[in-house]
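What the coordinates show
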2 protein chains.
Amino acid sequence: MVEATTRKRGRSGGGAARRAARGSAVVETARYIERNIPDLEILNEEALQIIEHNAETVLEEIGVNFVNNPGALERWRQAGAEIDGERVRIPRGLARKLCATAPSRFTQVARNPAKTVEIGGRNLVLAPVYGPPFVHDAEGGRRYATIDDFRNFVKLGQMSRWLHHSGGTVCEPTDVPVNKRHLDMLHAHMTLSDKPFMGSVTEPSRAQDSVDMCGVLFGEQFVQDNTVMTSLININSPLTFDDTMMGALEVYAANNQACIISPFIVGGAMAPVSVAGTLTQVLAEGLAGVAYSQLVRPGAPVIFGAFVTSIDMNSGAPTFGTPEAAQITYGAGQLARRLGLPFRSAGSFCGSKLPDAQAAYETANTLNNGLLAGVNFMLHACGWLEGGLVASYEKFVMDADQLGALHKMAAGVAVDESAQAMDALREVGPGGHYLGCAHTQAHFKTAFWRSELFDYKPFETWIEEGGRDTLTLASERVRKLLASYEQPSMDPATAEALDAFVAAKKASMPDSFM
Amino acid sequence: MVEATTRKRGRSGGGAARRAARGSAVVETARYIERNIPDLEILNEEALQIIEHNAETVLEEIGVNFVNNPGALERWRQAGAEIDGERVRIPRGLARKLCATAPSRFTQVARNPAKTVEIGGRNLVLAPVYGPPFVHDAEGGRRYATIDDFRNFVKLGQMSRWLHHSGGTVCEPTDVPVNKRHLDMLHAHMTLSDKPFMGSVTEPSRAQDSVDMCGVLFGEQFVQDNTVMTSLININSPLTFDDTMMGALEVYAANNQACIISPFIVGGAMAPVSVAGTLTQVLAEGLAGVAYSQLVRPGAPVIFGAFVTSIDMNSGAPTFGTPEAAQITYGAGQLARRLGLPFRSAGSFCGSKLPDAQAAYETANTLNNGLLAGVNFMLHACGWLEGGLVASYEKFVMDADQLGALHKMAAGVAVDESAQAMDALREVGPGGHYLGCAHTQAHFKTAFWRSELFDYKPFETWIEEGGRDTLTLASERVRKLLASYEQPSMDPATAEALDAFVAAKKASMPDSFM
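Let us look at the structure shown here. What you are looking at is a predicted structure, and each value in this text was computed from that prediction instead of being measured.

Thresholds applied
Residues numbered from 1 in each chain as written. Chains lettered and ligands numbered in written order. Predicted model: local features only at pLDDT ≥ 70, side-chain atom pairs only at ≥ 80, totals over all residues. Helix = DSSP H or I, 4+ residues; strand = E, 2+ residues; numbered from the N terminus. Buried ≥ 20, exposed ≤ 12 C-beta atoms within 10 Å, placed from the backbone. Contact = placed C-beta atoms within 7 Å. Nonpolar A, V, L, I, M, F, W, Y, C, P; charged D, E, K, R; others polar. Core = buried A, V, L, I, M, F, W, Y, C linked by C-beta atoms within 7 Å. Pairing = 2+ DSSP bridges. Least-squares fit on C-alpha atoms with pLDDT ≥ 70 in both. Arc of directions from axis to C-beta. Axes fitted to C-alpha atoms, helices over the stretch in contact; angles between N-to-C directions. Expected span 1.5 Å × (residues − 1). Left-handed = near helix turned anticlockwise from the far one by under 90°. Parallel < 35°, antiparallel > 145°, perpendicular 65-115°, else oblique.

Observations regarding the overall build of chain A
When you go through chain A residue by residue, the secondary structure sums to 20 helices and 18 strands. Principal axes of the C-alpha set define a box for chain A whose edges measure 75 × 60 × 50 Å. In chain A, which comprises 514 residues, the share counted as buried stands at 58%. Of the contacts made within chain A by residues no fewer than 6 positions apart, 76% connect residues no fewer than 24 positions apart.

Spelled out as structure tokens, the structure:
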């Protein structure tokens, strides 16, 4: 399937004619979600205070490690922390005080201004899966990801009505040298999509390359004045901040670019095997990380992240869509809101090896959880499979379809006169039928969310059409979307400059696969 | 698959020996859920007041029809309603006032006292799918349901740890005459399960048979003194109460047995194509129905029900797991709580023709919705397929597994000293590992919910074991559960009396398939 699509993409020319022949391929992107429903608050005030008190105790008594990073230790020393080797012990209240300069919301500008997003407040911005070394499709099964896969996923993201963000490492392009991948990945996001995107974090120098490429795309001064990237900085839980991630954070913060500062926790392995204990660690780590970003540059835009899931104690495997993971996400959202910080969590998480019923239960559990937990930035919102080892073509479009339902759910319930529908109730009366009444005729096209993927047909029609399951329908949708993809227009001089930047950077260093 | 199981069941004797050989087959049933998390309240006070005001306007101005039921019209007349033919117009406030005698919670006694349930308050009781004329299994596909299927589903329910209730028409035994089905169905629930169950509602005389059979099982006086059935009374939306359903309700209420009084609404067809309009109708219908139950017998136990979903305006098919259905369920829960009544809604709803990813997304959306909407009695909590036309063997065990996650989620977050895990945080410290620490060792067995169905193994192991999808795993689980089923013990005299009751009733009338 993917091979065929790649070949098709190779045929050039006649875009407008093709588009006319098959109908417009340009898919409008929905505005980011602005919630009009409350968050679910599962922790009461007493529980929140216990966890907040304990997190400060962790920072004060146990402390955190900033590894191989003398500059960070010096910043902490000057801020009033106690430094012992690489251990940083942070007096009670200091981290929270430092976090106060972080903005409660910020704007990430897209090259298409209509796709610029506001991160924070009651908003929810959806971004695709991040990081899988493998891809999976129904026809070819599971295999190492390539740059062609990467470009396909960027295109699918661009084509998704419900995805607001192009993401970052939608899959690892394992056929490109490790030290040059970030250039091809950023180039793909910048040229194949016009949605906002993420920068590289695998080396401070690659973060700088990301900033420089954004300078080419947006203009250097524009990048200093505006946030044009939101990048993912993971904490090495428990309580450890490594020099690679912190180095990338330092580059981004210094350049006014946003970072998600996020514990990466499988509870029971990297955190205590209890929800309250894990939340304590999440808060301690988030406080220390966000505080550090503000030591680098007060006011730097950051997101309080929580990638946390549970573990299967039989196999040691991480488990997804579980009740404990949901409880942690709900609780972390409450803690982030009390800090006044944008919150990142949840996603299309599943442990299943296939985009089957297990995957869908686990994912739906987590997507609903994320919506109701007040998540502001949802990375991995579609395409995640097998504990994040795999980006699935079919699951990408399945999940992306479900994201539409989140939009409608979040909009809340209208109670204006039209929505009250008293005219309809009076017109139809006992024993009547609403399908033909004036109110229904006026509103039926927009009243109810409708999947663009699922089969709603009667059994007999469904059988006549081949009795296809969701996986088969999703494969067909992937093919159709990639075949009808249209590249968003770009000023040719900018496109050439981006090509030249990538070519020059690649030429400046030998390939490395380490 | 099902055939094989049926044959196996035919072999009698040696139960204890078989049980010893394969390990205990007796599955403990979890206690009904007692929520320790809040409900999600998506309607604000203003919206609730608008809907409540409009519902009273509907009752007062439009009214409801009680069809072919002079007794009901007379009851309403004496209560102060205005009668016009079969139309009953209920003065503002009267229905709500009549509802006040309905208990806010009640006990449904099971023949195994350990499985007695409390319906109402913060509780959630889970019951299986109800009503499908078809069954589906992976091997045999879709076909008309038989009494053997019925018995299989009762057995699966008895074997499910997370199902508190045996339900009612788990599928329609289409090979049994219509006028005798209820006898075989009740006999199956009474003898193959020891969980609480539902009575027949397809004719007032069959409701009376249900009461009489309970008299045999529990003793006649016990039945008068205790609620031993909760039965499903649907309202013919919009705003119509037919004589069959009301006749059954009258029998149950007069005998102190519980009824779910429930609109059955596909929004856009049987109610306005808006959430607020549909909620108005749901409330009007619920008020009228519950009020009527209290006219029959003040204090009769009832549940305020809401079976409501959205419609696909392209095909006219009902759609499930949609955001509008969720909003209606959340709102209806708020309205029921303001009435002080137990609330029934949600279930393992899906429109998919297969237990595939579509089914799982739709179902997980609805199960989460039901938990957070404060549902007290969830009918259809497992096994529903294809808009309720089909009871699926595999989906029954998939959904039943997910119900375990609801239990854990509902339990909320412990913040006692052990859950705070400060000892673990101190023991492990930055860069350490929690798997071996004392706190993890003490708690790992019970800390995290674990699916009994899903595959958590690494990719390589999963491939070695055949790369099975969820459907395949579920088929295996169905086979295993049915093979290891053990009938709960019953006093032989009671068993004989039940057999005799059914035989005598069947002999008293000719078969009818109408």
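Anyway, onward from the coordinates.
Some thoughts on the interface of chain B and chain A
At the interface, 101 residues of chain B touch 102 residues of chain A. The element contributing the most residues to the side of chain B that touches chain A is helix H13 (residues 357-372) of chain B, with 9 residues. Residues that form the side of chain B that touches chain A fall into these classes: 57 nonpolar, 30 polar and 14 charged.

Some remarks on the nonpolar core
Counting 338 residues, the largest nonpolar core has Leu287, Ile303 and Leu341 of chain A together with Leu287 of chain B as its most contacted members. Excluding its chain neighbours within four sequence positions, the residues that come into contact with Leu341 of chain A are Cys99, Ala102, Ser104, Val290, Val302, Ile303, Phe304 and Ala336 of chain A.

Remarks on the sheet that holds strand S18 (residues 390-392) of chain A
Residues and elements named next belong to chain A. The strand order across the open sheet built from 4 strands is S9-S8-S18-S17, with neighbouring strands paired in mixed fashion. Since the sheet does not close on itself, it has two edges, and those belong to strand S9 (141-144) and strand S17 (384-385), each with one partner. Judged from the 3 bridges that link them, strand S8 (residues 134-137) and S18 form a sheet pairing that is parallel. From the neighbouring strand, Val135 faces S18, where its bridge partner is Ala391.

Here's the deal with the relation of the copies chain B and chain A
Screw-axis analysis of chain B against chain A gives a translation of 0.0 Å along the axis, an RMSD of 0.0 Å, and a rotation angle of 180°. Such values leave the two copies arranged in the relation of a two-fold axis. Judged by C-alpha distance, Ala357 of chain B is the residue of chain B that lies nearest the rotation axis, at 2.2 Å. Mapped onto chain A, 100% of the interface residues of chain B are again interface residues, and the two copies thus contact each other with one and the same surface.

Remarks on the environment of Pro91 of chain B
With respect to the secondary-structure elements, Pro91 of chain B resides in the loop between strand S4 (87-89) and helix H5 (94-99). In sequence terms Pro91 of chain B and Leu59 of chain B are 32 residues apart; their C-alpha atoms lie 7.1 Å from each other.

A look at unusual backbone geometry
At the junction of Ser237 of chain A and Pro238 of chain A, the peptide bond is cis and its omega measures out at 0° in the coordinates. Here Pro238 of chain A is to be found in the loop between strand S10 (230-235) and strand S11 (240-241). Positive phi outside glycine occurs at Leu239 of chain A, with the angle close to 60°. Topologically, Leu239 of chain A is positioned in the loop between S10 and S11. In this structure, Ala346 of chain B is a non-glycine residue whose phi angle is positive, near 65°. Within the secondary structure, Ala346 of chain B sits in the loop between strand S15 (343-345) and H13.

Overview of the pairing of strand S7 (residues 123-126) of chain B
Residues and elements named next belong to chain B. Side-chain alternation along S7 places Asn123 and Val125 on one buried face and Leu124 and Leu126 on a second face that is also buried. Relative to S7, strand S1 (residues 33-34) runs antiparallel, the two sharing 2 bridges. For Ile33, the partnering residue across the bridge sits in S7 and is Leu124. Sheet topology places S7 next to strand S16 (residues 377-378); 2 bridges connect them, and they run parallel. Across the sheet, residue Val125 finds its bridge partner in S16, namely Phe377.

Observations concerning helix H17 (residues 438-447) of chain B
Residue and element names in this part refer to chain B. Within the span of H17, buried status applies to His439, Thr440, His443 and Ala447. Taken around the axis of H17, the buried residues stretch over an arc of 100°, which confines them to a single face. Of the exposed residues in H17, the ones pointing more than 90 degrees away from its buried face are Ala438, Gln441 and Lys445. Contact partners of the buried residues in H17: helix H16 (422-428).

Here we look at the environment of Ile37 of chain A
Its place among the elements puts Ile37 of chain A in the loop between strand S1 (33-34) and helix H3 (45-62). Sequence separation between Ile37 of chain A and Ala357 of chain A is 320 residues; the distance between their C-alpha atoms is 28 Å.

As for the sheet that holds strand S2 (residues 64-66) of chain B
Residues and elements named next belong to chain B. The 4 strands lie next to each other as S3-S4-S2-S11, forming an open sheet whose pairing is mixed. Taken across any chain shown, the strands that pair with only one partner, and hence form the sheet edges, are strand S3 (82-84) and strand S11 (240-241). Across the sheet, helix H4 (residues 70-79) touches S2, S3 and S4, and the angle it forms with S3 is around 145°.

Regarding helix H3 (residues 45-62) of chain B
Taking 1.5 Å per residue as the helical rise, H3 of chain B with its 18 residues ought to reach 26 Å, and the 25 Å between its terminal C-alpha atoms agrees with that figure. Among all positions in H3 of chain B, only Ala47, Ile50, Ile51, Asn54, Ala55, Glu56, Val58, Leu59 and Ile62 of chain B are buried. Buried residues in H3 of chain B make contact with helix H15 (417-420) and helix H16 (422-428) of chain A together with S2, H5, helix H11 (275-296) and helix H12 (323-339) of chain B. With its phi angle positive at about 80°, Gly63 of chain B sits one or two positions after the end of H3 of chain B.

Considering the packing of helix H12 (residues 323-339) of chain A against helix H14 (residues 393-410) of chain B
At their nearest, the axes of H12 of chain A and H14 of chain B sit 8 Å apart, and the two run at 35° to each other. When the axes of H12 of chain A and H14 of chain B are compared, the crossing they make is right-handed. Residue-level inspection shows Pro323, Glu324, Ala326 and Gln327 of chain A of H12 of chain A in contact with H14 of chain B, the latter providing Ala405, Lys408 and Met409 of chain B. Of the residues in the contact of H12 of chain A with H14 of chain B, the class split is 4 nonpolar, 1 polar and 2 charged.

A closer look at the environment of Ile235 of chain A
Residues and elements named next belong to chain A. Turning to its location among the elements, Ile235 is positioned in strand S10. Judged by C-beta crowding, with 27 C-beta atoms within 10 Å, Ile235 ranks as buried. For the pair Ile235 and Val201, spaced 34 residues apart in sequence, the C-alpha separation works out to 12 Å.

Focus: the packing of helix H11 (residues 275-296) of chain A against H12 of chain A
Residue and element names in this part refer to chain A. Relative to each other, H11 and H12 sit at 40°, their axes nearing to 10 Å. Between H11 and H12, the crossing angle belongs to the class labelled oblique. In terms of crossing hand, the pair formed by H11 and H12 is right-handed. The segment H11 lies against H12, with Val275, Thr278, Leu279, Val282 and Leu283 engaging Glu324, Gln327, Ile328, Gly331, Ala332 and Leu335. Residue composition of the contact of H11 with H12, by class: 7 nonpolar, 3 polar and 1 charged.

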